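# Residue-level structural notes
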Amino acid sequence: MATYSTSEFRGGLKLLLDGDPCTIIENEFVKPGKGQAFNRVRIRNLKTGRVLEKTFRSGETVEAADVIDRDLQYLYSDGEFWHFMDNESFEQYQADETAMGEAAKWIKDQDSCLVTLWNGAPIVVEAPNFVTLEITETDPGLKGDTSGGGGKPATLETGAVVRVPLFIQTGEKIKVDTRTGAYVSRVKDD
Amino acid sequence: MSAGSRTTDDLPPAVWRPGAEGDVLRARAAMLADIRDYFSAVGVLEVETPLACRAAGTDPAIDPLIARYTGPLYPQGVDLYLQTSPEFAMKRLLANGSGPIYQICKAFRDGEAGRLHNPEFSILEWYRPGYTVAGMMTEVAAVVRCALYRRGLEIETQSYAGLFAARFGIDVFAVDAESLRQVAVQHHLSGAEGLKLDRDGWLDLLMSHLIQPALGPGRLCFVTDYPASQAALARRNPDRLTAARFEVFLDGVELANGFDELTDAGEQAARFEAENRERRARGKRPVTVDRQLLAAMQTGLPSCCGVAVGLDRLLMLRQGLDDLDAAMSFSLRRC
């Protein structure tokens, strides 16, 4: 069992706390001039995404979590699982709905995603920051309106709905920021 | 197996530039000059004492760095402790009749690095024979005001027990470790349930996490009368419950620690022994006891008060910085 001592604590270190894999966001060394030293850390639980604070006695050891981040290519979804492949080892992985989270709304096959693996299984899937997707349905806008003010809802090929300017039409491709779900620009086919 | 056996290859890339900007270096020089002017004006003598000695403090919560000397006098080599404060040598000067003395030097502590810690740091330490704690606190305020260049800095005084009574409604002298653990849990101190600490460890946890951050907002806060179990090198007060020890905080940062110094050689020897026992119990190496200090105290250490001030932290606050790294030329991460 790999462990870390509090002296090894730093941002990004992966720990196993109460059975859940966590990553250290921030580590502060707290010590009275004459007294017990502590490490006060801010931690993100990688399964729930929740951020918490926790204090350790300096010198304690904590179990390491076998967590790695990999760039994986999205292959397909079978309705229950989303399947990914490591393009170097050709190893395949399946992520469930919890691990997919918001990413399921944005990705289509061939997209490359940052996948966090815990004990070899995906626990968090991040969509690329920007994706290009085709609009499958939106109300016809007024011709000549390029102001972009107001906007209208548009359904994308993945099923996600975003607000787009009025001049955007069904069948066009747009670039979306997956972190905010906001329309960025129209994309012309090469 | 430890997951983190780091080699130099894993270390962050070398950073050659200093953490302190030019204006901070100039402020440090000005601050040191201001402090020296103050002590010169009030007739306190500047001294220098060795930083590498065969003995050091035994405090189980403070670990010295160890250097190795080999050559004339010690052909087989000898371990020299880099001093965690210049206290023992300065007390030998006092016992030899030096009168009031101060020193500005480096101090070293193993295992301490962070936003407010660096293993090598600058310390101002001074001793006043014949002073009471009250008189010494008045002088600390004068020195800090002078060093911060804030003549109007206000002062408040709180007793250690008073702080705990006000914040948690508990009597620090009556509660046991388990009750302190419950206080930590009740105050949502995350991780407290799993900590294994002794009574003083719980007090340190509550003090450092829940009390200290709010101490001395924009004013200097003196905390007095620490529990006797945390006397360090201070005299016990006649009540036997507390020690004549005080600490100084500003904007939640611990700046200074002061004692009405223990002068009894017998009790000093007993504390050294007890602390080394505690070190062994914690799996730490005992520290060589300073027999020369004990001999000096047997001859007679005058009744005196002493204070140590962390100069890097003082400079940090003077310049409105929030990390020691920005107040030092090269902190450990740049060495």
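Structural notes, computed from the coordinates. (Residues numbered from 1 in each chain as written. Chains lettered and ligands numbered in written order. Predicted model: local features only at pLDDT ≥ 70, side-chain atom pairs only at ≥ 80, totals over all residues. Heavy atoms only, no water.)

### Quick look at the interface of chain B and chain A
The condition is simple: The contact rule is simple, with two residues in contact once any of their heavy atoms fall within 4.5 Å. Joining two parts hides part of their accessible area as seen by a 1.4 Å probe, and the buried area is that hidden amount summed over both. When a carboxyl oxygen of Asp or Glu lies within 4 Å of a side-chain nitrogen of Lys or Arg, that pair is called a salt bridge. Identification of polar contacts relies on pairs of N or O atoms within 3.5 Å, with a donor-acceptor requirement for protein atoms, meaning one able to donate a hydrogen and the other able to accept it, and with residues adjacent in sequence counted only if both atoms are side-chain atoms. Helical segments are the DSSP runs of H or I of at least four residues, strand segments are the runs of E of at least two, and each set is numbered from the N terminus. Residues are grouped as follows: Ala, Val, Leu, Ile, Met, Phe, Trp, Tyr, Cys and Pro are nonpolar; Asp, Glu, Lys and Arg are charged; every other residue, Gly included, is polar.
Taken together, the contact pairs 32 residues of chain B with 24 residues of chain A. Both faces combined, the contact of chain B with chain A buries some 2,200 Å², and carbon together with sulfur accounts for 51% of it. On inspection of chain B and its partner chain A, the count reaches two salt bridges. Between chain B and chain A we count 10 residue pairs in polar contact (both at pLDDT 80 or more) in total. The set of elements that each furnish at least two residues to the side of chain B that touches chain A consists of helix 6 (199–211) and strand 10 (253–260) of chain B. No other element matches helix 6 of chain B, which puts five residues into the side of chain B that touches chain A. Each residue belonging to the side of chain B that touches chain A can be placed in one class, and the counts come to 11 nonpolar, 12 polar and nine charged.

### Section: helix 6 of chain B
Filter applied, for reference: Given a helix with a known number of residues, its expected span is that number minus one, times 1.5 Å. Whether a residue is buried, partly exposed or exposed follows from its accessible area with a 1.4 Å probe, protein chains only, as a fraction of its type maximum: under 20%, in between, or over 50%, in that order.
Its 13 residues place the ends of helix 6 of chain B 17 Å apart at the C-alpha level, agreeing with the 18 Å of an ideal helix rising 1.5 Å per residue. Taking burial as the measure, the 13 residues of helix 6 of chain B include 12 buried ones, the bulk of the element.

### Brief notes about the packing of helix 7 (residues 265–281) of chain B against helix 8 (residues 291–300) of chain B
All names here are of chain B. As a reminder of what qualifies: Axis angles are defined between N-to-C directions and span 0 to 180 degrees, where every axis is a line fitted to C-alpha atoms and, for a helix, only to the segment in contact. Reported orientations rely on four angle classes, namely roughly parallel under 35 degrees, roughly antiparallel over 145, roughly perpendicular from 65 to 115, and oblique for the rest.
Relative to each other, helix 7 and helix 8 sit at 160°, their axes nearing to 9 Å. In terms of axis orientation, helix 7 runs roughly antiparallel to helix 8. Of the residues in helix 8, those touching helix 7 at A265, Q268, A269 and F272 are L293, L294, M297 and Q298. The residue makeup of the contact of helix 7 with helix 8, split by class, is six nonpolar, two polar and no charged.

### Points about the layout of surface pockets
All names here are of chain B. The criterion, for reference: A 1.4 Å probe that fits into a set of points on a 1 Å grid over the protein atoms alone but cannot get out defines a cavity; an open set with protein on both sides within 12 Å along at least five of seven lines defines a pocket, and lining residues are those with an atom within 4 Å of a point. Grid points are joined across faces, edges and corners, and a volume is the space filled by probe spheres set on the points.
Quantified by volume, the second largest pocket comes out at close to 660 Å³. Around the second largest pocket sit 25 residues that line it, and P60, D200, S229, E278 and R282 are the ones nearest its centre. Of all the secondary structure elements, the ones that give two or more residues to the lining of the second largest pocket are helix 6 and helix 7. Residue contributions to the lining of the second largest pocket peak at four residues, all from helix 7. Tallied by class, the residues present in the lining of the second largest pocket amount to seven nonpolar, five polar and 13 charged.

### Remarks on helix 1 (residues 22–41) of chain B
Between its terminal C-alpha atoms helix 1 of chain B stretches 29 Å, which fits the 28 Å expected from 20 residues at 1.5 Å a residue. Of the surrounding secondary structure, the elements contacted by the buried residues of helix 1 of chain B are strand 5 (101–108), strand 6 (120–129), helix 3 (133–148) and helix 9 (311–318) of chain B.

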